[in-house]
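# Breakdown of the fold
Here's the letter readout for the chains.
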Amino acid sequence: MGELNFKDNVISYTENGHTQVLLNFKRFLDNKSRVSMHALTNDKPVMQDFIIRLMENHQEIAGSIDESGNEQEYLLLIILLISLLIPTSLPVKVAELGCTNGIMSYYLASVLGHFHPDSSLCCVSDVIGNSSGNQWLDKITLAAEVPKLSMMASDYDDTQLAENHFDIVVINGTVLFHNPEAVIREAEQLAKKGGIIFCYACDSPLLEHYFQMHFPERNEYSLKANVRIMTAECSRECWKNQERDIWKEEAAACLKEGEAMLNSNPKIEEIRQMVKKMEDFTKQAMDRGELDWKIGLIDMKERLLDSIVWLTKGFEKQNDNGTI
């Protein structure tokens, strides 16, 4: 696990002896945002003061929710978000998948509104209304400065939001995603190419595993054993390559299964089911433009059909001899 360090107007993250500078308030020329790093009448960094004031209310914001003990993790999330906002004076579009308890929404809205009121935050939850336990409205109203806000109820893996639209997509793993891999896929669909995907994995090892699997090039931060924050740049080409590799593995397994069936004593109905499976993979190969795989799958299908013919004739011969 790592730790956050505040020293000499520099915020850094250290883990396993490696230190990464997250925010350097001394390099004020790097700041292109509308928020000043320093005030001429005060040596204390303005941004650093904003971060401290924002976190002072964490216990009140979290209340009795389990997230009250994750103050450092939310602090880290804020710092990472600010590091993305300071290089530009333009508003940004952000989507949050999993806003049920409203805590992360509060912090996202507070930071985005502070940097640019014309930024937008779209929060998605699969439940809505006080009776559902959704506390989003209660938390978001506590934010002093907010961007353009919207909240919608939707499935996390099929939001129907515009694709290739958001500069930042946050996967809020404080909720239970029944299909975390599909949620990650949805997040990448929503993000612009080159956009950033945040993944806040809290007691969610499956979400953490799938994010690591799909984004081999990523940054990871962990201040507590059960919480990990990961960031990755959206690259659809990378996703498509991984998806293609997975399909090839499945197609190869199908061919191997067909070969094993030819070398055993299957029932005719079992062969017919395998033929149907080969037909499905052949259609997929045609759709994907995988010519070599298409040829191999068709060849296997023909061999399976030949075996059905051979078995059928064998049974007919046995019937003619009166053996059955």
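Residues numbered from 1 in each chain as written. Predicted model: local features only at pLDDT ≥ 70, side-chain atom pairs only at ≥ 80, totals over all residues. Heavy atoms only, no water.

### Let's talk about the nonpolar core
Counting residues in hydrophobic clusters, the biggest one holds 53 residues, and the most contacted among them are Leu4, Ile51, Ile82 and Val111. The residues contacting Val111, other than those within four sequence positions of it, are Phe50, Leu54, Ile78, Leu81, Ile82 and Leu85. If you look at the next biggest cluster of nonpolar residues, it comprises 24 residues, including Val124, Val175, Leu190 and Phe215. (Core = buried A, V, L, I, M, F, W, Y, C linked by side-chain atoms within 4.5 Å. Buried < 20%, exposed > 50% of the residue type's maximum accessible area, 1.4 Å probe, protein only. Contact = heavy atoms within 4.5 Å.)

### So, a negative patch on the surface
Residues Asp126, Asp155, Asp157 and Asp158 make up a contiguous surface patch of negative charge. Take Asp126: it is sitting in the loop between strand E7 (120–125) and helix H5 (136–140). (Patch = residues over 30% accessible without salt bridge, like charges linked within 9 Å, V, L, I, M, F, W, Y side chains within 5 Å. Areas by Shrake-Rupley, 256 points an atom, 1.4 Å probe, with all protein chains shown as cover. Salt bridge = Lys/Arg side-chain N within 4 Å of Asp/Glu carboxyl O. Lys, Arg positive; Asp, Glu negative; His and termini not counted. Charge placed at Lys NZ, Arg CZ, Asp CG, Glu CD. Helix = DSSP H or I, 4+ residues; strand = E, 2+ residues; numbered from the N terminus.)

### Re helix H9 (residues 268–288)
Taking 1.5 Å per residue, 21 residues should reach 30 Å; H9 reaches 30 Å between its end C-alpha atoms and fits that length. Taken together, the buried positions of H9 are occupied by Ile268, Ile271, Met274, Val275, Met278, Phe281, Thr282 and Ala285. On an axial view of H9, the arc spanned by its buried residues comes to 130 degrees, and they lie on one face. Within H9, the exposed residues directed more than 90 degrees away from the buried face are Gln273, Lys283 and Asp287. Two residues or fewer past H9, Gly289 is found with a positive phi of approximately 75 degrees. (Expected span 1.5 Å × (residues − 1). Arc of directions from axis to C-beta.)

### Thoughts on empty space enclosed by the protein
Under the defined criterion, the tally for this structure stands at one cavity of 30 Å³ or more. By volume, the largest cavity is sized at about 70 Å³. Taken together, the residues of the lining of the largest cavity break down into six nonpolar, five polar and one charged. (1 Å grid on protein atoms, 1.4 Å probe; cavity = no way out; pocket = protein on both sides within 12 Å on 5 of 7 lines; lining within 4 Å. Points joined across faces, edges and corners; volume = space filled by probe spheres on them. Nonpolar A, V, L, I, M, F, W, Y, C, P; charged D, E, K, R; others polar.)

### As for the packing of helix H1 (residues 46–55) against helix H3 (residues 71–85)
Helix-helix packing is described using two parameters, namely the angle between the two axes and the distance between the axes. Two elements in contact, H1 and H3, have axes separated by 11 Å at closest approach and are oriented at 150 degrees. Read as a crossing pair, H1 and H3 show a hand that is right-handed. Touching Met47, Phe50, Ile51, Leu54 and Met55 of H1 are Glu71, Tyr74, Leu75, Ile78, Ile79 and Ile82, all from H3. Of the residues assigned to the contact of H1 with H3, the class counts are 10 nonpolar, no polar and one charged. (Axes fitted to C-alpha atoms, helices over the stretch in contact; angles between N-to-C directions. Left-handed = near helix turned anticlockwise from the far one by under 90°.)

### So, the sheet that holds strand E3 (residues 18–24)
Within the open sheet, the three strands sit side by side as E1-E2-E3. Their pairing is antiparallel. In the strand order of this sheet, the two ends are held by strand E1 (3–7) and E3, each with one partner. With strand direction ignored, the average angle separating the axes of adjacent strands in the sheet is 25 degrees. For strand E2 (residues 10–15) and E3, the ladder comprises six bridges, and the chain directions are antiparallel. Its bridge partner lying in E3, Ile11 is registered against Leu23. Packing of H3 onto the sheet brings it into contact with E1, E2 and E3, and relative to E3 it is tilted by some 65 degrees. (Pairing = 2+ DSSP bridges.)

### Overview of the pattern of salt bridges
Following the criterion strictly, the structure yields 11 salt bridges and no others. The shortest N-O distance in the salt bridge between Glu220 and Arg228 comes to 3.0 Å. Overall, Arg228 belongs to the buried group, its relative accessible area being 18%. One continuous salt-bridge network, built from bridges that share partners, spans Glu208, Arg218, Glu220 and Arg228.

### Things to note about the environment of Gly2
Looking at the secondary structure, you find Gly2 in the segment before E1. Not counting the four nearest positions on each side in its chain, Gly2 is found in contact with Tyr13, Thr14, Glu15, Ser222 and Leu223.

### Quick word on the packing of aromatic side chains
A full pass over the atoms with the stated rule returns eight aromatic pairs. Ring centres of Trp247 and Phe281 lie 6.2 Å apart, and the angle between their planes is 50 degrees; this geometry places the pair in the tilted category. Within this pair, whereas Trp247 is found in helix H8 (residues 236–262), its partner Phe281 is found in helix H9, the two being separated by 34 residues in sequence. Judged by its relative accessible area of 3%, Trp247 falls in the buried class. Each residue in the set Tyr74, Tyr106, Tyr107 and Tyr200 is aromatic and connected to the rest through ring pairs, giving one cluster. (Phe/Tyr/Trp six-rings, centres within 6.5 Å; stacked < 30°, edge-to-face > 60°.)

### Overview of the confidence of the model for the chain
Taken as a whole, the chain shows an average pLDDT of 87; of its residues, 89% reach a score of 70 or greater. The secondary-structure element of the chain with the lowest mean pLDDT is strand E5 (residues 42–45), recorded at 56, while strand E6 (residues 93–97) shows the highest, at 97. (pLDDT = per-residue confidence, 0-100.)

### What to know about the sheet that holds E6
Pairing is mixed across the open sheet formed by seven strands, whose spatial order is E8-E7-E6-E9-E10-E12-E11. Across the chains shown, the open sheet's two edge strands, defined by having one partner strand only, are strand E8 (148–153) and strand E11 (219–224). Within this sheet the neighbouring strands show an average axis-to-axis angle of 15 degrees, counted without direction. With five bridges connecting them, E6 and E7 associate as parallel partners.

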